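For reference, the chains in residue letters:
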Amino acid sequence: DAGVTQSPTHLIKTRGQQVTLRCSPKSGHDTVSWYQQALGQGPQFIFQYYEEEERQRGNFPDRFSGHQFPNYSSELNVNALLLGDSALYLCASSLDRIGGDTQYFGPGTRLTVL
Amino acid sequence: AQSVTQPDIHITVSEGASLELRCNYSYGATPYLFWYVQSPGQGLQLLLKYFSGDTLVQGIKGFEAEFKRSQSSFNLRKPSVHWSDAAEYFCAAGGNKLVFGAGTILRVKS
């Protein structure tokens, strides 16, 4: 049973560029959440997707957008990259339940913005 | 505002000694509570969770946690630490949206 997978593992971009990160959820899961983890900090919630729609969003600017596909996989897009966007981006998948459910995390994508 | 506090940034324990990592939460109602572990450069692995019921929950790798509503705490414990337990530990609270603490780095000395 494959867990949550993310690609790519590492990515280097320059300021102003755009980036797309990808996530495949754990088998049987239908909900995908994205988190940003800056160095030395805990993960911060970006947004959650369910039924191909953004269901909940954290305190991140509109430069951060996402998408969920019919097979439940998801993409995170970041436009106009800033140096401060350098972080580990974590994807988590779960089953949709009232009040939430356990989120299982992927290995993350390390984004470096130069 | 919802928040999770892990008061200890670093903890060092000797191999074989007991461990307790502290976690306090501030939430409108009792949230779901989780402990995750992260090795350097890796994702988060779930250790245990509390949704309701028995306030002492067992997890993987010999870890347990106790939920105390009166203290808004969910402390993680292990009776005997192994060198392989060295990692960063995160407490989290919430449902669809998880709020994480800043983490506690555990060092194990032999």
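The coordinates are above.
One structure accompanies this document, and this report is about it. Because the structure is predicted, anything quoted here is derived from the model rather than measured.

The rules behind each value
Residues numbered from 1 in each chain as written. Chains lettered and ligands numbered in written order. Predicted model: local features only at pLDDT ≥ 70, side-chain atom pairs only at ≥ 80, totals over all residues. Heavy atoms only, no water. Helix = DSSP H or I, 4+ residues; strand = E, 2+ residues; numbered from the N terminus. Buried < 20%, exposed > 50% of the residue type's maximum accessible area, 1.4 Å probe, protein only. Contact = heavy atoms within 4.5 Å. Buried area = accessible area lost by both parts, 1.4 Å probe. Salt bridge = Lys/Arg side-chain N within 4 Å of Asp/Glu carboxyl O. Nonpolar A, V, L, I, M, F, W, Y, C, P; charged D, E, K, R; others polar. Phe/Tyr/Trp six-rings, centres within 6.5 Å; stacked < 30°, edge-to-face > 60°. Lys NZ or Arg CZ within 6 Å of the ring centre and 35° of its normal. Pairing = 2+ DSSP bridges.

Cis peptide bonds are those with omega within 30 degrees of zero, and the linkage from Ser7 of chain A to Pro8 of chain A qualifies with -10 degrees. With respect to the secondary-structure elements, Pro8 of chain A resides in the loop between strand E1 (5–7) and strand E2 (10–13). Even without being a glycine, Lys61 of chain B presents a positive backbone phi close to 60 degrees. Its location among the elements puts Lys61 of chain B in the loop between strand E7 (56–58) and strand E8 (64–68). Taking relative accessible area as the criterion, Lys61 of chain B reaches 46% and is therefore assigned partly exposed.

For the rest of this paragraph, the subject is the interface of chain A and chain B. The figure often quoted for interface size is the accessible area lost as the parts come together. Chain A puts 24 residues into the contact, and the matching count from chain B is 19 residues. Summed over both sides, the interface between chain A and chain B buries roughly 1600 Å², with carbon and sulfur atoms accounting for 51% of that surface. Per-residue buried area on chain A facing chain B is highest for Pro43, Thr102 and Phe105 of chain A; these three make up 26% of the total on that side. Applying the counting criterion to the chain A and chain B interface returns zero salt bridges. For the side of chain A that touches chain B, the elements supplying multiple residues, two or more each, are strand E4 (31–37), strand E5 (44–50), strand E6 (53–57), strand E9 (87–94) and strand E10 (104–105) of chain A. Split by residue class, the side of chain A that touches chain B holds nine nonpolar, 12 polar and three charged.

It is worth spelling out the packing of aromatic side chains at this point. Under the counting rule described, the total for this entry stands at 16 aromatic pairs over all chains. Measuring from centroid to centroid gives 5.4 Å for Tyr35 of chain A and Phe105 of chain A, while their planes differ by 50 degrees, and the two rings are tilted. Taken together, the residues Tyr35 of chain A in strand E4 and Phe105 of chain A in strand E10 connect sequence positions 70 residues apart. Measuring from ring centre to ring centre gives 5.9 Å for Tyr36 of chain B and Phe100 of chain B, while their planes differ by 45 degrees; the resulting arrangement is tilted. Remark: Phe100 of chain B occurs in strand E11 (residues 98–100) and Tyr36 of chain B occurs in strand E5 (residues 32–38); sequence separation between them is 64 residues. Phe100 of chain B gets classed as buried once you look at its relative accessible area, which sits at 7%. A network of ring pairs unites the aromatic residues Tyr35, Phe45 and Phe105 of chain A together with Tyr32, Phe34, Tyr36, Phe51, Phe90 and Phe100 of chain B as a single cluster. Of note, Lys26 of chain A hangs over the ring of Tyr104 of chain A, and the distance from its end group to the ring centre comes to 5.5 Å.

Here we take up the pairing of E8 of chain B. Residue and element names in this part refer to chain B. Direction of pairing for E7 relative to E8: antiparallel, over a ladder of three bridges. Considered in E8, the bridge of Gln58 is made with Glu64. From the end of E7 to the start of E8, which pair antiparallel, there are five residues, and Lys61 there has a positive phi angle of about 60 degrees. Taken together, the five bridges between E8 and strand E9 (residues 73–78) define a ladder with antiparallel strand orientation. Bridge pairing links Glu64 to Arg77 in E9. Here E8 folds back onto E9 in antiparallel fashion, the turn holding four residues, of which Ser72 has a positive phi close to 50 degrees.

So far we have only geometry, and geometry alone does not tell us how the molecule works.
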